Amino acid sequence: ETGVTQTPRHLVMGMTNKKSLKCEQHLGHNAMYWYKQSAKKPLELMFVYNFKEQTENNSVPSRFSPECPNSSHLFLHLHTLQPEDSALYLCASSQEQGAAGEQFFGPGTRLTVL
Amino acid sequence: AQSVAQPEDQVNVAEGNPLTVKCTYSVSGNPYLFWYVQYPNRGLQFLLKYITGDNLVKGSYGFEAEFNKSQTSFHLKKPSALVSDSALYFCAVRDGGDTDKLIFGTGTRLQVFP
């Protein structure tokens, strides 16, 4: 297992619910990422934080709201989601954005929106 | 614009035979190239990367990849496949110049048969 953990691993929610995904990295990295992985589609980068500052929002709908209180923790707050938002949500970290290093991924949260 | 293509949705190979998973890329600057593997219900695991230097890169679990600038390819190879290599493989590229967004391919499912 990598040094990136995600909770919960599975989440089922209704369209009117509010929930949050949590990511924690124990690698001393300064950049953190949220990706969406849907079947038969490339990984979609959603958000990037570098030294706690959001540096990338890849045209993500406002029903997804990220939060990065410190370099080790990243949250994705969810509200009024749609069934098409059902996917595997992956968190990743790297030493810092823009460096040549690889990204380390967590196991993901499998989200199902009913 | 950056892009990466994995032309095969699935690759089937018998255990003990060599395997190749193909990847081609397009970037405007110098490419940073990565291979990741994803096992069922897991996040992506880093296998290897090319930044600069020798065109043949060796990585985890006996995998290697060859950077070919003229063909803009970065194929993943292994001399002798194992059943445990069966997984989903992703190629990714980042432009080492102005942007640091990592772009992933759609993935290739490798099935190794006993």
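The structure displayed is predicted, hence computed values, not measured ones. (Residues numbered from 1 in each chain as written. Chains lettered and ligands numbered in written order. Predicted model: local features only at pLDDT ≥ 70, side-chain atom pairs only at ≥ 80, totals over all residues. Heavy atoms only, no water.)

Caption draft 1: Expanded view of the pairing of strand E10 (residues 87-95) of chain B. Residues and elements named next belong to chain B. Burial of E10 is extensive: 9 of the 9 residues sit out of reach of the surface. In this sheet, E10 lies alongside strand E5 (residues 31-38) in antiparallel orientation, the contact comprising 8 bridges. Bridge pairing in E10 links Pro31 to Asp95. Bridge analysis of E10 against strand E12 (residues 108-113) gives 3 bridges, and the strand direction is antiparallel. In the strand pairing of E12, Leu88 is matched with Arg109. Where E10 lies against strand E11 (residues 103-104), 2 bridges are found, and the strand directions are antiparallel. Note on E11: the bridge partner recorded for Val93 is Ile103. (Buried < 20%, exposed > 50% of the residue type's maximum accessible area, 1.4 Å probe, protein only. Helix = DSSP H or I, 4+ residues; strand = E, 2+ residues; numbered from the N terminus. Pairing = 2+ DSSP bridges.)

Caption draft 2: Representation of the sheet that holds strand E8 (residues 73-79) of chain A in the model. Residue and element names in this part refer to chain A. The 4 strands lie next to each other as E1-E3-E8-E7, forming an open sheet whose pairing is antiparallel. Since the sheet does not close on itself, it has two edges, and those belong to strand E1 (4-7) and strand E7 (64-70), each with one partner. Adjacent strand axes in the sheet meet at a mean angle of 20 degrees, parallel and antiparallel pairs treated alike. Sheet analysis places strand E3 (residues 18-25) next to E8, joined by 7 bridges and oriented antiparallel. Of the residues in E8, the one forming a bridge with Glu24 is His73. (Axes fitted to C-alpha atoms, helices over the stretch in contact; angles between N-to-C directions.)

Caption draft 3: Structural view of the environment of Gln54 of chain A. Residue and element names in this part refer to chain A. Inspection of the secondary structure assignment puts Gln54 in strand E6 (residues 53-57). The partly exposed category is assigned to Gln54, whose relative accessible area is 37%. Gln54 sits 14 residues away from Cys68 along the chain, and the two C-alpha atoms are 8.1 Å apart. A distance of 3.0 Å separates the side chain of Gln54 from the side chain of Tyr49, its partner in a polar contact. (Polar contact = N/O pair within 3.5 Å; in protein donor to acceptor, adjacent residues only side chain to side chain.)

Caption draft 4: Examining the interface of chain B and chain A more closely. Each partner contributes residues to the interface: chain B has 20 residues there, and chain A has 21 residues. When chain B packs against chain A, the two sides together hide about 1,700 Å² of surface, and 53% of this comes from carbon and sulfur. Inspection of the chain B/chain A interface yields 1 salt bridge. Across the salt bridge formed by Lys49 of chain B and Glu102 of chain A, the nearest N and O atoms sit 3.0 Å from each other. One can count 3 residue pairs in polar contact (both at pLDDT 80 or more) joining chain B with chain A. Counting residues per element, the ones that place at least two in the side of chain B that touches chain A are E5, strand E6 (44-50) and E10 of chain B. A per-element tally of the side of chain B that touches chain A places E5 of chain B first, with 4 residues. (Contact = heavy atoms within 4.5 Å. Buried area = accessible area lost by both parts, 1.4 Å probe. Salt bridge = Lys/Arg side-chain N within 4 Å of Asp/Glu carboxyl O.)

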